[in-house]
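A look at the structure
Residue-level listing of the chains:
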Amino acid sequence: MSALWMIFGLILRDQRRAMLRGAALGLIVLAMGVTLLGLSGWFITAAAAAGLAGAGAAFDVFRPSAMVRFLALGRAAARYGERMLTHDATLRALETLRLRVLAGLLSAPHDRMIRIRGAQALNRLTADIDALDGVPLRLVLPVLAGLATQLLALVALWVLVAPVIALWIVGGHVLGAALIVAVAGRVSLPLSRRAEVAAQAVRTRLIDLIRARRDLAVYGRLVAQAEAVQGAEARRRDLRRHLDRADRRAGAALGILASVIAAGALGIGMALVQAGQLPPAFAALGVFAALALAETLVPLRRAVSDLGRMADAARRVGRDLADPLPTEAPVAGGAEGDATASPLCLADVGLHRLGTGTMLMAPLSFTLQPGETLAITGASGSGKSTLLQAIAGLHPVALGRITLGGRPLADWPETDLRDRLTLLPQRSTLMAGSVAEALHLAGPADEARLWQALAAVQLQRLVEGRGGLSARIGPRGEGLSGGEARRLALARALLRRPDVLLLDEPTEGLDEATARAVLCGLRDFLPAAAILIAAHRQVETAFADRRVILP
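Residues numbered from 1 in each chain as written. Predicted model: local features only at pLDDT ≥ 70, side-chain atom pairs only at ≥ 80, totals over all residues. Heavy atoms only, no water.

To keep things clear, this is the line we draw: UniProt positions are given in the numbering used here, feature names are shortened, and annotations may be inferred rather than shown by experiment.
Per an unreviewed UniProt entry, the protein chain goes by the name ATP-binding cassette domain-containing protein and belongs to Paracoccus gahaiensis. Under the heading Subcellular location (unreviewed entry), UniProt records this for the protein chain: "Cell membrane".

1. Brief notes about the overall build of the protein chain
Just so we agree on the cut-off: Each helix is a run of DSSP H or I of at least 4 residues and each strand a run of E of at least 2, with the numbering of both proceeding from the N terminus. Our radius of gyration is a C-alpha quantity, and the globule rule it is checked against amounts to 2.2 Å times the number of residues to the power 0.38. Three labels apply to residues, based on accessible area from a 1.4 Å probe with only protein chains included: buried if under 20% of the type maximum, exposed if over 50%, partly exposed otherwise in between. Whether two residues are in contact is decided by their heavy atoms: any pair within 4.5 Å suffices. Positive charges come from Lys and Arg alone, negative charges from Asp and Glu alone, with His and the N- and C-terminal ends not counted. To locate a charge, take NZ of a lysine, CZ of an arginine, CG of an aspartate or CD of a glutamate.
A tally of regular secondary structure across the protein chain gives 19 helices and 11 strands. A globule of 551 residues ought to have a C-alpha radius of gyration of about 24 Å, yet the protein chain, at 35 Å, is considerably larger. Dimensions of the protein chain along its principal axes, counting C-alpha atoms only, are 115 × 65 × 50 Å. For the protein chain, the proportion of its 551 residues judged to be buried stands at 46%. Residue pairs in contact within the protein chain that sit at least 24 positions apart in sequence constitute 78% of those at least 6 positions apart. Both charge centroids of the protein chain, one from 62 positive and one from 46 negative side chains, sit 8 Å from each other.

2. Section: the pairing of strand β4 (residues 399–404)
Definition in use: Paired strands are those between which DSSP finds at least two bridges.
Relative to β4, strand β1 (residues 344–350) runs antiparallel, the two sharing four bridges. Bridge pairing in β4 places C345 opposite T403. The hairpin formed by β4 and strand β5 (residues 407–408) contains two residues between the paired strands, and G405 there has a positive phi angle of roughly 60°.

3. Section: helix α7 (residues 163–211)
To keep things clear, this is the line we draw: In this analysis, the expected span of each helix is defined as 1.5 Å times one less than the number of residues it contains. Think of it this way: the bend at a residue is just the angle between two axes, each fitted to seven residues, one set ending at that residue and the other starting at it.
With 49 residues, α7 extends 66 Å from end C-alpha to end C-alpha; this agrees with the ideal 72 Å at 1.5 Å per step. Of all the bends in α7, the largest measures some 40° and sits at G185.

4. Remarks on the environment of Q120
Here Q120 is to be found in helix α5 (residues 118–131). Here the alpha-carbon distance between Q120 and R203, two residues 83 residues apart in the chain, equals 9.0 Å.

5. Regarding the sheet that holds β1
Where we set the bar: Axes, fitted as lines to C-alpha atoms, cover a helix only where it is in contact. Angles between the N-to-C directions of the axes lie from 0 to 180 degrees.
Overall, antiparallel pairing links the four strands, which are arranged β2-β1-β4-β5 in an open sheet. Both outer strands of the open sheet, β2 (364–368) and β5, are each paired with one neighbouring strand and no more. Of the strands in this sheet, β1, β2 and β4 are in contact with helix α12 (residues 384–391), which crosses β1 at around 125°.

6. Quick look at the UniProt feature "transmembrane region" (unreviewed entry) in the protein chain
In this structure's numbering, the residues bearing the UniProt feature "transmembrane region" (unreviewed entry) are residues 20–37, 43–62, 139–159, 165–184, 250–275 and 281–300. Strand forms 0% of residues 20–37 and helix 100%; the C-alpha atoms that close the span are 26 Å apart. Helix makes up 100% of residues 165–184 and strand 0%. Its end C-alpha atoms lie 27 Å apart.

7. Observations regarding the sheet that holds strand β11 (residues 546–550)
The sheet built from five strands is open, its strands ordered β6-β9-β10-β3-β11 with parallel pairing. For this open sheet the edge positions go to β6 (421–424) and β11, each flanked by a neighbour on one side alone. Averaged over all adjacent pairs, the angle separating strand axes in this sheet is 15°, with direction ignored. In this structure, β6 lies alongside strand β9 (residues 500–504), joined through four bridges in parallel fashion. The residue of β9 that forms the bridge with L423 is L502. Its contacts with the sheet place helix α18 (residues 512–525) against β3 (373–378), β9 and β10 (530–534), and it is angled at close to 155° to β10.

8. Some points on the nonpolar core
The following threshold applies: To qualify as a nonpolar core, a set must consist of buried Ala, Val, Leu, Ile, Met, Phe, Trp, Tyr and Cys residues joined through side-chain atoms within 4.5 Å.
Counting residues in hydrophobic clusters, the biggest one holds 42 residues, and the most contacted among them are V435, L454 and L488. Those elements giving two or more residues to this core turn out to be α14 (435–440), α15 (447–456), α17 (482–494), β9, α18 and β10. In terms of residues, this core owes the most to one element, α17, which gives seven residues. Discounting chain neighbours no more than four positions away, the residues touching L488 are L430, V435, A438, L439, L454, L459, I473 and L480. Ranked by size, the runner-up nonpolar core spans 33 residues in total, among them A3, L4, I7 and L94.

9. Focus on the side chain of T86
Structurally, the position occupied by T86 is in helix α3 (residues 62–106). When its relative accessible area of 1% is taken as the criterion, T86 is described as buried. Each residue touching T86, except ones within four places of it in the same chain, is listed here: M19, G22, A23, L137 and L141.

10. Topic: the environment of V187
Positionally, V187 belongs in helix α7. Its relative accessible area of 43% is what places V187 among the partly exposed residues. Between the alpha carbons of V187 and S107 there is a distance of 38 Å; along the sequence they are 80 residues apart.

11. As for the environment of L139
Here L139 is to be found in helix α6 (residues 134–160). Residues L139 and L4, spaced 135 residues apart in sequence, show a C-alpha to C-alpha distance of 9.6 Å. When neighbours within four sequence positions are excluded, L139 is seen to be in contact with L4, G134, A303, L307 and M310.

12. Notes on the confidence of the model for the protein chain
In regions of low pLDDT, the predicted coordinates are not meant to be interpreted in detail. Threshold: pLDDT runs from 0 to 100 and stands for how confident the predictor is about each residue.
Of the residues in the protein chain, 92% reach a pLDDT of 70 or more, and the chain-wide mean stands at 85. In the model, residues 324–341 has pLDDT below 50 throughout and makes 15 contacts with residues more than four positions away in sequence or in other chains.

13. Overview of the packing of helix α2 (residues 16–52) against α3
The packing of two helices is summarised by the inter-axis angle and the distance between the axes. Threshold: Orientation labels follow simple angle bins: below 35 degrees gives roughly parallel, above 145 gives roughly antiparallel, 65 to 115 gives roughly perpendicular, and whatever is left gives oblique. Left-handed describes a crossing in which the near helix is turned anticlockwise from the far one by less than a right angle; the clockwise case is right-handed. Classes in brief: Ala, Val, Leu, Ile, Met, Phe, Trp, Tyr, Cys and Pro nonpolar; Asp, Glu, Lys and Arg charged; the others, Gly included, polar.
One way to put it is that α2 packs onto α3 with a least axis distance of 8 Å and a crossing angle of 155°. By the angle between their directions, the pair α2 and α3 is classed as roughly antiparallel. Classified by chirality, the crossing of α3 by α2 is left-handed. Residue composition of the contact of α2 with α3, by class: 20 nonpolar, 10 polar and four charged.

Below you can see the structure in the form of structure tokens.
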């Protein structure tokens, strides 16, 4: 539940004025509804009693009837205003939350980012955020407004009718509703959570089916994946039926509670009237007020049904929200360092396997100068890729330290570090769009510079043959071979013009002649850059000026 309060606090902080106004209007709606029905019951009963007593001509029907009309019209207007304010504020706040979740996913640690699946991220940005609209609209604001209305009714009925009737009506509603919610919640909470998990499984498997349909067809798994989607949907429907049954039972229990309280208020009122302690009109006011207060219980039914879904969504969204960016302290003069003097230095650097205390590699030291190329070689699993991630600031250093331009890597502001250093991992991502759009992700560049980068990675003729920079690329580089997609990602990295370029097996999938041409091209494009290659091919190690072997 703390996650729900955290999400509501974020929504309230983002749209405080609109939410408070909407909450006030919600309270006015409930209070006017109770007053309207109670006044109507009093008016009808008092008018009938006056007629029976022969005083009908003297009975004032104008002011009560005018008040009834005012309450009816005012309640409708307040309801409209409350819906407009709270719904608009909630949608605006969810927009802010969606942007913060997206920022959190984009700024996640590297080890977590590489485990995020597209379907999971899409679920977080759509289904989970959409589920949170119920936090203010169906849970917090209705419950708080209902409790406030019950307290106002307690005071009014205590003064106008009788303390015993006030306690019966308000105490019955509050305690009875709490008991029903507690019992229904024990059934609905796990069902709601399981139904949401099943719904997310349907979306995830369906997205996987659509995105990987060609590979699934090639390996004969298309039908099996379709059946998995259908199976998940069948489980979701079955859980939804059970949840709907629990929802109807909770609604029936709340309806019975309201009827029992109204009947009890009628019985107590009749007893007080017969004892001469209460006028009939005020006894009727209590009965009708009891009926009107049942409206405060209506939101509980939907809230209980969706509570598990909202709680799980709030926990997942809260974990992915971007933290406020820290304020970077100004750097004292001379402490910034000069990346051109000594770009990269490792001093007795040791790394742990992620999530364990096991040493991945023995302490390593070297200095990489501007314009120099260094190849890191070693057996598979020796830590070449992890070492590049550590140099890029994406993996913690267990021993020693890494400096860039004479300044510890951890002291570099993130933006400055990315301007100086670029990492091209083994698996690079290309999004759907044109070749120019893929390259422009590196930053602004004119058309001539784009062609130079493509020529450096031996892609100029290919792109020209496909229509130029406006040639389309499918999702994840569809339409390009593995080697072509990798070279396009390399061209994008070159356009960053970094002082230090980290490459993880950059010529994978290329023939030897093309690999040699690509390596020469990137050195011509970045003549002053320090280049560090995690190499496993002889063409890469032969291109390097020096070689470091990891045991």
